[in-house]
Structure formats: C-alpha cells, structure tokens
Amino acid sequence: NLISENYKKLIDERLLSKPQKMILPWKMRRGSAYDVNYGDEQARLAIQSNNSYESDMNVLARYGGGIVLDVGAAFGTVTVSRFSDEKYSKVYGFDRAGKCVEYANLHSPDKFEFFVADLEADDFRSTMQSFMRERGIKGFDIIFSSLVLHHLKDPELALRNLRRLLVKGGIIVVRGSDDGTKAAYPDHRGMMKAIIDKTLACPNTSDRLNGRKIYSWLTESGFSDVEMFSFMRDTSRMDMDDREDLFRESFSYRLNYFRKEWESHPENQDKFQEFDEMETLLAMFENEFMKESFWYVEYDYIGVGKR
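These numbers come from a predicted model, not from an experiment.

(A) Geometry of the packing of aromatic side chains. Under the defined criterion, the tally for this structure stands at 21 aromatic pairs. Look at Phe251 and Tyr296: their rings are 5.5 Å apart centre to centre, the planes differ by 70°, and that puts the pair in the edge-to-face class. Of this pair, Phe251 sits in helix α10 (residues 240–252) while Tyr296 sits in strand β8 (residues 295–306), placing them 45 residues apart in sequence. A relative accessible area of 0% places Phe251 in the buried class. Measuring from centroid to centroid gives 6.1 Å for Tyr299 and Tyr301, while their planes differ by 35°, and the two rings are tilted. Through a chain of ring-to-ring contacts, three or more aromatic side chains come together here, namely Tyr92, Phe94, Phe115, Phe124, Phe131 and Phe140. Across the ring face of Tyr253, the terminal group of Arg44 is positioned such that the distance to the ring centre comes to 4.5 Å.

Here is the structure:
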C-alpha cells in the first residue's frame, strides 16, 4: 500500500480539492443497489455483527422476550447471536435473498426459522399474514431490524407495515448508522470527508445519513413511546486487528457500489475513473487508519418504538 509522493500530489490535485456533486433530498429515497451476495459481504457482516453486539444487547436487555421477527436477517448471524436467550421462545427471520435464507436455516439452532420475503414487495402484508396464520402467530412481541431501512425507497411505509405485525404493546428495535457523525484526527488531507462525499454522490448507494432519521421515521409511522440510544465506538483501545476490522466494516465495502456502477456501464470512462479514485482514496485512508496515533469514532443509533 505504499503510495509515492508524486501520486499523493496527483490525488490531492485531482480528487481531494475538487467539489463533490450536490446531494438532492429525493436521492435519499431512491433505494440502493446493495446486494448481500456481492463481494465478500458474508465475512464483512460477521465483523459488523461482532462490532455492534454490545450496542444491541444493551438495548435488548431493557425489554422482555417472547416471539421475535428479525427483518433483513441475511445469513442469520445477528439473529442467532442476539436472540439465543431462553426468554425468546421462538425466533423468525426473513430476507429477500434466498441463498442467505438457505444458509441461515442450515446453520442455526432449531428455535430459529428463516424464510424468504421482500419488505418492499406489494404483497408483503399478505405474505406475512399467510406465514403467521400457518404457524398460529397472532403477533410478534419484538421486531428487530439492523441496518436495513436505509436501503429502502420508503422506510416509513415499511415501518407501518411492520407495526401491524406486532402485538399490542409489542416493540420494534431499529439500528442504523450515520456518516455525518463520523470523526477522525489527524486527517490532514481530508480523505474521510472525500470518501463520504463521494459515497453520498454515487447514484446507487444507500442512505448513509439514516441514523438521525430513525426517531422521525418511527414517530411518523405510528409508533409510540419512541426512545433513542447511541453507542460510541472508537479506535483508542484497538489493536491492529480491531482497526482493520472496523475499517473493513465502515469503509472498504463502499468500493462495491462504484465497482457495480462501472460493471453496469463498462464503456463509460467516467464510471471507471470514479471507481479508480475511490479505490485510491480508500487505500490511502486505510494507511492512516492503521497508525496508532490516528483516532476515529463512529456511533450506533438504535430507536425503540411501541405499538
């Protein structure tokens, strides 16, 4: 990852100093091209699950048990690690990716059942009603959703549909993140800001400013007694392996969006240049990230609402 001083100068002139595209409000509701089976997402999601474990458990410990539904369960890693306690009598999880569901069902204890469903499908409500009727479920006591809503075109509609699946008094637990509250020092070249700005400008990324919206999404969707929790995670006590994991979770995956854009338009040289620039920026920033003197902080945001 050694980068010559001349190349660094070129990056400064070509990339870090140029203004990024303006982000229009409607772009935050476009949905994303995220694909859980693209790249090495299973390994990155396992890191993400481990890094956010304490945040989730601190919140879940405040509430009771019962029947659980995990929304966007992917490979089931988070589902099993959060809900193995005996106070959760039965745990269901769904994902729109069939390969994920197949994996989760093969690698999870009997208390867990995973199935295919699409939260944004027109028939989502009827699909869930049929599923619940077949299993004698009148309603879920807890609905859990980690880092899912920011991929959707209409998070509030999704939350309204999920609210109807809860028993009266049941709760929903929603975890998100927010690029706008990340901080790093020293970042003399402004690389983190450039990476975030470029991510926000990429046409197929998710809503990277979702953490600040969770409270509003929940209240506007009809949930009551909404509470917000935040948990800081920083590099001050991390060894090299922990830093590498955090960088992989929070930054390296962003290149996937630019690679997919280029793959979709292979004849477009601008798409290749965007990919090349992001790849270079990430390599440079990772070098800084691994230094013991470099400090970085981010937050998990968790909202809880009641039906």
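(B) Inspection of helix α5 (residues 98–106) at higher detail. Looking at α5, one finds that the buried residues are Cys100, Val101 and Ala104. End-on view of α5: buried residues confined to an arc of 95°, all on one side of the axis. Structural note: α5 exposes Lys99, Glu102 and Leu106 on the side pointing more than 90 degrees away from its buried face. In this structure, the buried side of α5 is in contact with β2 (88–95) and β3 (112–116).

(C) Seen up close, the packing of helix α2 (residues 41–51) against α10. Between α2 and α10, whose axes approach to 9 Å, the crossing angle comes to 110°. Considering their axes alone, α2 and α10 lie roughly perpendicular with respect to each other. At the point where α2 passes α10, the crossing takes the left-handed sense. Along its contact with α2, which presents Ala43, Arg44, Ile47, Gln48 and Asn51, the element α10 presents Asp245, Leu246, Arg248 and Glu249. Along the lines of polarity and charge, the residues of the contact of α2 with α10 split into three nonpolar, two polar and four charged.

(D) Spotlight on a positive patch on the surface. Taken together, the side chains of Arg125, Arg160, Arg164 and Lys168 present a region of like positive charge at the surface. Along the chain, the position of Lys168 falls in strand β5 (residues 166–176).

(E) Summary view of the packing of helix α8 (residues 191–201) against helix α12 (residues 269–289). Between α8 and α12, the shortest axis-to-axis distance is 10 Å and the interhelical angle comes to 145°. Crossing of α8 against α12: the hand is left-handed. Taken together, the residues of α12 that come into contact with α8 (itself represented by Met191, Met192, Ala194, Ile195, Lys198 and Thr199) are Glu274, Glu277, Met278, Leu281, Leu282, Met284, Phe285 and Glu288. Looking at side-chain class alone, the contact of α8 with α12 contains nine nonpolar, one polar and four charged residues.

(F) Layout of the pattern of salt bridges. Applying the stated criterion across every chain, the model contains 21 salt bridges. With a closest N to O distance of 3.3 Å, Glu134 and Arg135 form a salt bridge. Residue classification places Glu134 among the exposed positions, given a relative accessible area of 62%. A salt bridge links Asp178 to Arg212, with the nearest nitrogen and oxygen atoms 2.7 Å apart. Here Arg212 lies in the loop between α8 and α9 (214–220) and Asp178 lies in the loop between β5 and β6 (183–185), a separation of 34 residues in the sequence.

(G) Structural detail: unusual backbone geometry. Between Tyr185 and the following residue, Pro186, the backbone shows a cis peptide bond with an omega angle of -5°. Relative to the helices and strands, Pro186 is located in the loop between β6 and α8. Unlike most non-glycine residues, Asp225 shows phi in positive territory, near 50°. Relative to the assigned elements, Asp225 resides in strand β7 (residues 224–234).

(H) Region of interest: the environment of Trp295. Here Trp295 shows up in strand β8. Sequence-distant contacts of Trp295, that is, excluding residues within four places in its chain, are made with Ala183, Ala184, Tyr185, Asp234, Thr235 and Ser236. Separated by 2.7 Å, the side chains of Trp295 and Asp234 make a polar contact.

(I) Representation of the nonpolar core in the model. Residues Leu69, Phe140, Ile143, Leu165 and Ile172 are the most contacted members of the largest nonpolar core, which totals 30 residues. Only β1 (66–71), β2, α6 (124–135), β4 (140–146), α7 (155–163), β5 and α9 provide two or more residues apiece to this core. The greatest single-element share of this core, amounting to four residues, is contributed by α6. In terms of nonpolar packing, the next biggest core, distinct from the first, is built from 25 residues, Leu246, Phe247, Leu282 and Met290 among them.

About the criteria used
Residues numbered from 1 in each chain as written. Predicted model: local features only at pLDDT ≥ 70, side-chain atom pairs only at ≥ 80, totals over all residues. Heavy atoms only, no water. Phe/Tyr/Trp six-rings, centres within 6.5 Å; stacked < 30°, edge-to-face > 60°. Helix = DSSP H or I, 4+ residues; strand = E, 2+ residues; numbered from the N terminus. Buried < 20%, exposed > 50% of the residue type's maximum accessible area, 1.4 Å probe, protein only. Lys NZ or Arg CZ within 6 Å of the ring centre and 35° of its normal. Arc of directions from axis to C-beta. Contact = heavy atoms within 4.5 Å. Axes fitted to C-alpha atoms, helices over the stretch in contact; angles between N-to-C directions. Parallel < 35°, antiparallel > 145°, perpendicular 65-115°, else oblique. Left-handed = near helix turned anticlockwise from the far one by under 90°. Nonpolar A, V, L, I, M, F, W, Y, C, P; charged D, E, K, R; others polar. Patch = residues over 30% accessible without salt bridge, like charges linked within 9 Å, V, L, I, M, F, W, Y side chains within 5 Å. Areas by Shrake-Rupley, 256 points an atom, 1.4 Å probe, with all protein chains shown as cover. Salt bridge = Lys/Arg side-chain N within 4 Å of Asp/Glu carboxyl O. Lys, Arg positive; Asp, Glu negative; His and termini not counted. Charge placed at Lys NZ, Arg CZ, Asp CG, Glu CD. Polar contact = N/O pair within 3.5 Å; in protein donor to acceptor, adjacent residues only side chain to side chain. Core = buried A, V, L, I, M, F, W, Y, C linked by side-chain atoms within 4.5 Å.

Read these as geometric descriptors, not functional statements.
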